[in-house]
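So the chains spell out like this:
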Amino acid sequence: MGFRLPGIRRASANQASSKAVEVPKGYLAVYVGEKMKRFVIPISYLTQPSFQDLLSQAEEEFGYDHPMGGLTIPCSEDFFQEITSRLNKL
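What you see is a predicted model; the values in this text were computed from it and never measured.

Draft legend 1. Spatial organisation of the overall build of the chain. Scanning the chain from N- to C-terminus turns up 3 helices and 3 strands. Put simply, the chain runs from its N terminus to its C terminus through helices and strands in the order α-β-β-α-β-α. In the chain, which comprises 90 residues, the share counted as buried stands at 27%. Look at the contacts in the chain between residues 6 or more apart in sequence, and 47% of them connect residues 24 or more apart.

Draft legend 2. Quick look at the sheet that holds strand E3 (residues 71–73). The mixed open sheet is built from 3 strands, whose spatial order is E2-E1-E3. Single-partner strands in this sheet number two, and they are strand E2 (37–42) and E3. Neighbouring strand axes in the sheet, compared pairwise and without regard to direction, differ in orientation by 40° on average. With 6 bridges connecting them, strand E1 (residues 27–32) and E2 associate as antiparallel partners. Directly across from Tyr 31, in E2, lies its bridge partner Arg 38. Together, E1, E2 and E3 form the strand contacts of helix H3 (residues 77–88), whose direction differs from that of E2 by roughly 10°.

Draft legend 3. Here's a closer look at the nonpolar core. Among the nonpolar cores identified, the biggest contains 14 residues, and Val 30, Val 32, Ile 41, Phe 51, Leu 54, Ile 73 and Phe 80 are the most heavily contacted of them. Secondary-structure elements contributing two or more residues to this core are E1, E2, helix H2 (49–62), E3 and H3. Among all residues touching Phe 80, those that are not within four sequence positions of it are Val 30, Val 32, Phe 39, Ile 41, Phe 51, Leu 54, Ile 73 and Cys 75.

Draft legend 4. Structural view of the pattern of salt bridges. As enumerated under the stated definition, the model contains 1 salt bridge in all. Among the ionic pairs, Glu 82 bridges to Arg 86, the shortest N-O distance being 2.4 Å. Residue Glu 82 and its partner Arg 86 are both found in helix H3; the two are separated by 4 residues, about one turn of the helix.

Draft legend 5. Examining the packing of H2 against H3 more closely. The N-to-C vectors of H2 and H3 enclose an angle of 150°; their axes lie 10 Å apart at closest approach. Compared by their axis directions, H2 and H3 come out roughly antiparallel. Contacts from Ser 50, Phe 51 and Leu 54 in H2 reach Phe 79, Phe 80, Ile 83 and Leu 87 in H3. Residues of the contact of H2 with H3, tallied by class, amount to 6 nonpolar, 1 polar and no charged.

Parameters and conventions
- Residues numbered from 1 in each chain as written.
- Predicted model: local features only at pLDDT ≥ 70, side-chain atom pairs only at ≥ 80, totals over all residues.
- Heavy atoms only, no water.
- Helix = DSSP H or I, 4+ residues; strand = E, 2+ residues; numbered from the N terminus.
- Buried < 20%, exposed > 50% of the residue type's maximum accessible area, 1.4 Å probe, protein only.
- Contact = heavy atoms within 4.5 Å.
- Pairing = 2+ DSSP bridges.
- Axes fitted to C-alpha atoms, helices over the stretch in contact; angles between N-to-C directions.
- Core = buried A, V, L, I, M, F, W, Y, C linked by side-chain atoms within 4.5 Å.
- Salt bridge = Lys/Arg side-chain N within 4 Å of Asp/Glu carboxyl O.
- Parallel < 35°, antiparallel > 145°, perpendicular 65-115°, else oblique.
- Nonpolar A, V, L, I, M, F, W, Y, C, P; charged D, E, K, R; others polar.

Next comes the structure, spelled out in structure tokens:
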């Protein structure tokens, strides 16, 4: 239940739940491939050397200006899925 403060609106259940479904806590969205397919990955990948190589490529190609508004990885979807499937086994 809780209490309500005057003048403060709560987000509707649909708004709050859709944001939570999009990118859960501990994950981040990245865009990959020619079609900019969206993947949601664990942030733990960021510390892995193979993923850091992908981040370096993204920095070289895009700097800090990513066209999709999120992190864009400049590689094919197949290559990205190969890297992430290896990381899932760790």
